[in-house]
Amino acid sequence: MKRTLSDADDATEIEQATAKRSCCPSASSTAIPEEFQEKPEVDDENDDETQRELHLLPASEDGSWLTMDYDGHQLFVHPETKRVCMEIDGDPIGELDLEDGQLVLYGEDNEANGATALTPNPTAEAHLTPSLLADYGKTGLVCLKGTAAGGWLRDGLLEEARREVEVLLAAGFLTSERHQQPTNVRTDKVVYLQLSSDDSQTQNGMSSVSCPPACQEVLGLIEGFASALDRQFSMRLRRPQRCMAACYDGGGAFYKAHRDNDRDSSTGLWKNSRSLTAVFYINDVNWPASEGGALRCHLGGASSNDVLDVLPAGGQLVIFDSRRLLHEVLPTSERRLALTIWFV
């Protein structure tokens, strides 16, 4: 079943896939210790996949943290969120399934270095209604419009953010080389925008430039939505130090179906620390469906026909679970601009 969400649609009409929402906590900026990068060999005569007996002891007076020994290292476990840290309430380095004793460590992700605590935003939070929170709890997906009467964007902010990205595009800052993926996977051009006070920075070989002010203002509002979701669902999110501006420059530009974070099939580690994705469109508010470029959300996964197409109309914000939602950008015949931030 295919559905299309246009700028005129009510976001609360998003129906829910029946899959249970992932309760995995977010990853962090902490680099995983070198000795944790590969799973240790375990002598297992019975070839039991659980492989390891874990002894958990209380680590705090209120019982909110447990401690365990892992190859000579003391680790701390938060039973409610399953997060595993090097210290109580520290940056998570992995997750522990308390039922089968399986410890899964995150892959190292330099992009999250320097991530900071979220800053609440009352303007944004006032627009994240209980029904929208319920939508996210069911589907791991929520859509909000910022341009309708009473919307969360101030007058003129959408146009200001669009002009800033268009200036960066005209100056040659957006390139396909920055995302380092082949053209049979994606054909957009991107630039990474630094959210800190630094003028520029290079991470993982990809340089970033300072985020312009209108885009910063938009992202501050988006951070407010993330803060509200974080408080509701105990995701323990942090704000990364950079975001991304992307341009699909017409001519059938696309991005094949993918998840923003997935397990590496060879190691079992999460490929990065992304936990919550937010995409904000800065196009014309009246984006025709005939131009393509919709964000196709596969609500039931790859094998399901339950999809939702979200048109990239200006002012549309889409927030989703980075690990859960399979999504793609359908071919677009016109220039399509967006800001994306991954909370970790």
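Residues numbered from 1 in each chain as written. Predicted model: local features only at pLDDT ≥ 70, side-chain atom pairs only at ≥ 80, totals over all residues. Heavy atoms only, no water.

Undergrad: Please explain the overall build of the protein chain as it appears in this structure.
TA: Scanning the protein chain from N- to C-terminus turns up four helices and 21 strands. Residues counted as buried form 52% of the 344 residues belonging to the protein chain. A fraction of 73% describes how many contacts in the protein chain between residues 6 or more apart in sequence connect residues 24 or more apart. About 15,600 Å² of surface is accessible on the protein chain, with carbon and sulfur atoms providing 46% of the total. (Helix = DSSP H or I, 4+ residues; strand = E, 2+ residues; numbered from the N terminus. Buried < 20%, exposed > 50% of the residue type's maximum accessible area, 1.4 Å probe, protein only. Contact = heavy atoms within 4.5 Å. Areas by Shrake-Rupley, 256 points an atom, 1.4 Å probe, with all protein chains shown as cover.)

Undergrad: Sorry, what's going on with the packing of helix 3 (residues 157-170) against helix 4 (residues 213-233) here?
TA: Describing two packed helices takes the angle between their axes plus the distance from one axis to the other. Closest axis-to-axis distance for the helix 3/helix 4 pair is 7 Å, and the angle between their directions is 125°. Judged by the angle between their axes, helix 3 and helix 4 are oblique. For the crossing formed where helix 3 meets helix 4, the hand is left-handed. Contacts from Leu157, Glu160, Ala161, Glu164 and Val165 of helix 3 reach helix 4 at Pro213, Ala214, Cys215, Glu217, Val218 and Leu221. Each residue belonging to the contact of helix 3 with helix 4 can be placed in one class, and the counts come to eight nonpolar, no polar and three charged. (Axes fitted to C-alpha atoms, helices over the stretch in contact; angles between N-to-C directions. Parallel < 35°, antiparallel > 145°, perpendicular 65-115°, else oblique. Left-handed = near helix turned anticlockwise from the far one by under 90°. Nonpolar A, V, L, I, M, F, W, Y, C, P; charged D, E, K, R; others polar.)

Undergrad: For this particular structure, what's the right way to read the packing of helix 2 (residues 130-139) against helix 4?
TA: Running from N to C, helix 2 and helix 4 point in directions that differ by 65°, and their axes come no closer than 11 Å. Between helix 2 and helix 4, the crossing angle belongs to the class labelled roughly perpendicular. Crossing of helix 2 over helix 4 shows right-handed handedness. Residue-level contacts link Leu133, Tyr136 and Gly137 of helix 2 to Leu229, Gln232 and Phe233 of helix 4. Class assignment of the residues belonging to the contact of helix 2 with helix 4 gives a composition of four nonpolar, two polar and no charged.

Undergrad: Would you mind showing me how to read helix 4 here?
TA: An α-helical turn contains 3.6 residues, so a residue and the one three or four places further along point in the same direction. Along its 21 residues, helix 4 runs 30 Å from first to last C-alpha, staying within 8% of the 30 Å computed at 1.5 Å per residue. Following helix 4 by one or two positions, Ser234 adopts a phi angle in the positive range, close to 50°. (Expected span 1.5 Å × (residues − 1).)

Undergrad: Help me out: how do you make sense of the state of the cysteines in this one?
TA: Cysteine pairs can be covalently joined through their sulfur atoms, and such a bond is termed a disulfide. Scanning all chains against the criterion turns up zero disulfides. A disulfide-free cysteine, Cys297 has its sulfur positioned 6.4 Å from the sulfur of Cys143, the nearest such atom. (Disulfide = S-S within 2.5 Å.)

Undergrad: How do you make sense of the pairing of strand 17 (residues 295-298) when you look at a structure like this?
TA: Regular strands place side chains that alternate from one sheet face to the opposite one. Here strand 17 shows two buried faces, one formed by Leu295 and Cys297 and the other by Arg296 and His298. Of the strand pairs in this sheet, strand 17 and strand 18 (residues 307-310) are connected by four bridges, and their pairing is antiparallel. Of the residues in strand 18, the one forming a bridge with Cys297 is Leu308. One ladder, built from four bridges, connects strand 17 with strand 20 (residues 326-332); its direction is antiparallel. When the sheet's bridge partners are listed, Cys297 is paired in strand 20 with His327. (Pairing = 2+ DSSP bridges.)

Undergrad: Sorry, what's going on with the sheet that holds strand 17 here?
TA: In a beta sheet, neighbouring strands are held together by backbone hydrogen bonds and run either parallel or antiparallel to one another. Strand order in the open sheet formed by five strands is 1-18-17-20-15, with mixed pairing between adjacent strands. Of all strands in the sheet, those with a lone pairing partner are strand 1 (2-5) and strand 15 (253-258), marking the two edges. Each strand axis lies, on average, 20° off the axis of its neighbour in the sheet, ignoring direction.

Undergrad: What exactly am I supposed to notice about unusual backbone geometry here?
TA: For residues other than glycine, phi is negative in most cases, and the peptide bonds are mostly trans. A positive phi angle is found at Ser234, which is not glycine, with a value near 50°. Taking the relative accessible area as the measure of exposure, Ser234 reaches 36% and is therefore partly exposed.

Undergrad: Looking at this structure, I do not really get the packing of aromatic side chains. What am I missing?
TA: Remark: the centre distance and the inter-plane angle together describe each pair of aromatic rings, the angle taken between the planes. The tally for this structure, following the rule as stated, stands at three aromatic pairs. Between Tyr136 and Phe233, the ring centres sit 5.4 Å apart and the planes meet at 50°, which makes this aromatic pair tilted. Linking Tyr136 in helix 2 with Phe233 in helix 4, this pair joins segments that are 97 residues apart in sequence. With centroids separated by 5.1 Å and ring planes inclined at 85°, the aromatic side chains of Trp152 and Phe225 adopt a geometry described as edge-to-face. (Phe/Tyr/Trp six-rings, centres within 6.5 Å; stacked < 30°, edge-to-face > 60°.)

Undergrad: Is there a simple way to explain the side chain of Arg324 in this structure?
TA: Here Arg324 shows up in the loop between strand 19 (316-321) and strand 20. Although Arg324 lies buried, it forms no salt bridge, and the closest oppositely charged side chain, Asp321, sits 5.5 Å away as judged by the N-O distance. (Lys, Arg positive; Asp, Glu negative; His and termini not counted. Salt bridge = Lys/Arg side-chain N within 4 Å of Asp/Glu carboxyl O.)

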